[in-house]
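The residues making up each chain are set out below.
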Amino acid sequence: MISNAEVAKVLREIGEYLEMQGVAFKPRAYEKAADAVAGSGEQVSEIYEKGGLKTLEEIPGVGASIAEKIEELLKTGRLKYYEELKKKTPVDLGNLVQIEGLGPKNIKKLYENLKIKNLDDLEKAARAGKIRRLESFGEKSEERILKGIEFLKKSGGRAVLGFIMPVVRNIEERLKSLGEVEKVAVCGSIRRMQETIGDIDILVTSKKPRSVIDYFAAMPEVEHVYGKGETKTMVRLKIGLDADLRVVEPVSYGAAVQYFTGSKEHNIALREIAIKKGYKLNEYGLFSSGGGDRMIAGRDEKEIYEKLGLMWMPPELRTDSGEIEAAKTGKLPKLIEYGSLQGDLQIQTDWTDGKNSIEEMARAAVSLGLEYIAITDHTERLAMTGGLDKKKIVKQWAEIDKIQRKLGGRIKILKGTECDILKDGSLDLPDKVLAKLDVVGVAIHSRFNLSRRDQTERIKKAISNKHVHIFFHPTGRIIGRREAYEINMDEITETAKKTGTVLEIDAFPARLDLKDEHIRKCVAAGVKMSIDSDAHSVSHFQYLEFGIAQARRGWAERNDIINAWPLEKMRKFLKR
DNA sequence: GCCGTTTTCGGCCCGACTGTTTTCAGTCG
């Protein structure tokens, strides 16, 4: 079966090939279609199965011609049009365009003059000094290419947000503390709280731009300064990320924050609205485009949205996937707030693979203001973690009771489990033990490569057990390391709805599982979710924030997230 | 190639930077 990601990749490459040939407008059309397919919560293969060509055309950005191409891909696994383009210029586009500063036109030039087809060829040619001899290339382009290759090798290009956020916040705080800095805003994918980020974009206003720029470029975490001017500096950080600092005029601050927050698609949609209203929108402000370019708004981000006839919206929503229509009609969701969780329903301790004791975890949770936690250690099947069997878990209950007495009313410690789902969908603890637990979470930790059908049935069976409350990290993906196992998420969501099972949003930064598109479907279907830290040490509680971000990107409100509720309401829901 | 509170043709987001040019193409966000 061909996944959305694969279809999107082919469409995107077609766009790039057409760009290469200097074709007008079509490249954008293919790029847009690729984005739509990649971002679709539903598999295009399933959309096609259900309704054929016509339903494919309902995907925004997909028309008759691209629908046919998707059909051909789904049916035959190949696409003639794509293959012909590839034959004409047989290069590894997917990887080559990853190099910063290298686009389709230059890739074509490199291929035609030096027969460069892939990253290896590129690196060799650059090292041999061949590239600088090409027309319109020079020494600097060659250097940049080598740096780009190195970056790609080292980091895969993107960093997991939750892991680098402390670095970002530290830089932000230091900038704020500078006397000459007035306002600071971290923008881009960080402000949108995306799962991963490609670089760090920071905006400031200041009366002494030069001195702020000098400070930034000289920070100890800077490895290399790419460039430094009057209003902007770009640096490479030692952690392997690029960071840009821009100084903007106060009168344009709101417009700049809006612009640099993105997403690109969201901004395009906003500018289209501006044009329809007879305005022009750029990073300096909103202007009336009729003679003289009078400024309508710019100092304040909210004002820009309002002048465009939209409600201001949280950055997490800015993906051009319905938020603009909602903002037009006043139907934006009231997103779950940061800091609004009252409990955490997945926590590991030193009874299995956690680093801290039950008491240490409980005390850490108290200090964060949580009102309840569930201790959910692994079960026997996960031998490498020293998983608890039916006898050992009973012993743990006694320990929990003891610590509960010690901590008194400061926090409620619930007895739980992260029970393994076995190959056939049965569970790693007997029902009579599960029945005595406050919180039964289940999870897949083995046999990731079952067929889609078998995996789906396995999970459906597990969450249909009447003792099961929550399905932990439902897709199993780990960012940058492991793909999700094959499942039919729609069927699982449906079963969860029927059985009242909660689907987890695992907040651990490399998991963030469910994904935003799944969350949005759960919200629409009325399937409840929990946001859990999956903490394996006291320091991991801080990751709850990124789970909330994930939920917000999935349009979730407080009522969708059971551990944003008070203890009694939450427990009543689990017991139904 | 897509799309339509200007609709089935004629538009399609915008500005800055870089490196190489001597007036600009390519790329990026």
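**Let's talk about the overall build of chain A**
The secondary structure content of chain A amounts to 24 helices and 17 strands. On C-alpha atoms alone, chain A measures out to a radius of gyration of 26 Å, which is about the 25 Å that the 2.2 N^0.38 rule sets for 576 residues. Reported as C-alpha extents along the three principal axes, the dimensions of chain A are approximately 75 × 65 × 55 Å. Looking at chain A as a whole, 54% of its 576 residues are labelled buried. Taking the contacts inside chain A whose residues are at least 6 apart along the sequence as the reference set, 66% of them involve residues at least 24 apart.

**Focus: the packing of helix H21 (residues 489-499) against helix H22 (residues 516-525)**
Between H21 and H22, the shortest axis-to-axis distance is 11 Å and the interhelical angle comes to 35°. Crossing of H21 over H22 shows right-handed handedness. Contact residues: Met-489, Asp-490, Thr-493 and Lys-497 in H21; His-518, Lys-521, Cys-522 and Ala-525 in H22. Looking at side-chain class alone, the contact of H21 with H22 contains 3 nonpolar, 2 polar and 3 charged residues.

**Quick word on the packing of aromatic side chains**
According to the stated counting rule, one finds 9 aromatic pairs in the structure shown. Plain terms: the ring middles of Tyr-30 and Tyr-81 are 6.5 Å apart, the flat faces sit at 25° to each other, and that makes the pair stacked. Placement of the pair is Tyr-30 in helix H2 (residues 26-39) and Tyr-81 in helix H5 (residues 80-88), with a sequence separation of 51 residues. Note on Tyr-30: relative accessible area 5%, which makes it buried. Between Phe-508 and Tyr-543, the ring centres sit 5.3 Å apart and the planes meet at 85°, which makes this aromatic pair edge-to-face. With a gap of 35 residues between them, Phe-508 in the loop between strand S16 (502-506) and H22 and Tyr-543 in the loop between strand S17 (529-532) and helix H23 (544-553) connect regions that are remote in the sequence. Take Tyr-543: its relative accessible area is 10%, and that puts it in the buried class. Taken together, the aromatic side chains of Phe-163, Phe-508, Tyr-543 and Phe-546 make up a single cluster linked through ring pairs.

**Remarks on the sheet that holds strand S6 (residues 232-237)**
Strands sit in the order S2-S4-S7-S6-S5 across an open sheet of 5 strands; the sheet is mixed. Here the strands that pair on one side only, and so sit at the sheet edges, are strand S2 (181-186) and strand S5 (222-228). Across the sheet, the axes of successive neighbouring strands diverge by a mean angle of 20°, strand direction being ignored. By the bridge criterion, 6 bridges tie strand S4 (residues 199-206) to strand S7 (residues 242-247) in an arrangement that is parallel. Paired with Asp-199 across the bridge in S7 is Asp-242. Relative to the sheet, helix H10 (residues 161-177) contacts S2, S4, S6 and S7, its axis offset from that of S2 by approximately 165°. Running at roughly 180° to S4, helix H13 (residues 253-261) makes contact with S2, S4 and S7 of the sheet.

**So, unusual backbone geometry**
Both trends apply: most residues other than glycine have a negative phi, and most peptide bonds are in trans. Of note, the bond from Gly-262 into Ser-263 is cis; its omega dihedral lies within 30 degrees of zero at -5°. Position of Ser-263 among the secondary structure elements: in the loop between H13 and helix H14 (264-276). Cis geometry is found at the peptide bond from Asp-513 to Leu-514, where omega equals 15°. Take Leu-514: it is sitting in the loop between S16 and H22. Although it is not a glycine, Phe-25 sits at a positive phi angle of roughly 65°. Here Phe-25 lies in the loop between helix H1 (4-20) and H2. For Ser-136, which is not a glycine, the phi torsion comes out positive at approximately 75°. Secondary-structure assignment places Ser-136 in the loop between helix H8 (119-127) and helix H9 (139-155).

**A word on the protein's contact with DNA strand B**
Surrounding DNA strand B, one finds 39 residues, the nearest of these being Gly-61, Gly-63, Gly-138, Tyr-259 and Arg-271. Taking the atoms of DNA strand B that fall within 4 Å of the protein, sugar and phosphate contribute 75% of them. For DNA strand B, a phosphate oxygen lies 2.6 Å from a polar atom in the backbone of Gly-103. Measuring from a phosphate oxygen of DNA strand B, one finds a backbone N or O atom of Phe-137 at 3.4 Å. Here the surface near DNA strand B gets 6 residues from one element, more than from any other, and that element is H14. Partitioning the surface near DNA strand B into residue classes produces 16 nonpolar, 10 polar and 13 charged.

**Comments concerning the pattern of salt bridges**
Using the criterion set out here, one finds 38 salt bridges in the structure. Glu-172 is the salt-bridge partner of Lys-176, the closest N and O atoms lying 3.6 Å from each other. With Lys-176 and Glu-172 both in helix H10 and 4 residues apart, the pair spans about one turn of that helix. Lys-176 gets classed as partly exposed once you look at its relative accessible area, which sits at 44%. For Glu-172, a relative accessible area of 15% translates into the label buried. Here Glu-306 ties to Lys-302 by a salt bridge, and the two come within 3.9 Å at their closest N and O atoms. Here the residue Glu-306 and the residue Lys-302 both occupy positions in helix H15 (residues 301-307), the gap between them amounting to 4 residues, near one helical turn. Taking relative accessible area as the criterion, Glu-306 reaches 45% and is therefore assigned partly exposed. Take Lys-302: its relative accessible area is 45%, and that puts it in the partly exposed class. Sharing partners across several salt bridges, the network here consists of Arg-210, Asp-214, Lys-228 and Glu-230.

What counts and how
Residues numbered from 1 in each chain as written. Chains lettered and ligands numbered in written order. Predicted model: local features only at pLDDT ≥ 70, side-chain atom pairs only at ≥ 80, totals over all residues. Heavy atoms only, no water. Helix = DSSP H or I, 4+ residues; strand = E, 2+ residues; numbered from the N terminus. Rg over C-alpha atoms; globule rule 2.2 N^0.38 Å. Buried < 20%, exposed > 50% of the residue type's maximum accessible area, 1.4 Å probe, protein only. Contact = heavy atoms within 4.5 Å. Axes fitted to C-alpha atoms, helices over the stretch in contact; angles between N-to-C directions. Left-handed = near helix turned anticlockwise from the far one by under 90°. Nonpolar A, V, L, I, M, F, W, Y, C, P; charged D, E, K, R; others polar. Phe/Tyr/Trp six-rings, centres within 6.5 Å; stacked < 30°, edge-to-face > 60°. Pairing = 2+ DSSP bridges. Near = heavy atom within 4 Å. Polar contact = N/O pair within 3.5 Å; in protein donor to acceptor, adjacent residues only side chain to side chain. Salt bridge = Lys/Arg side-chain N within 4 Å of Asp/Glu carboxyl O.

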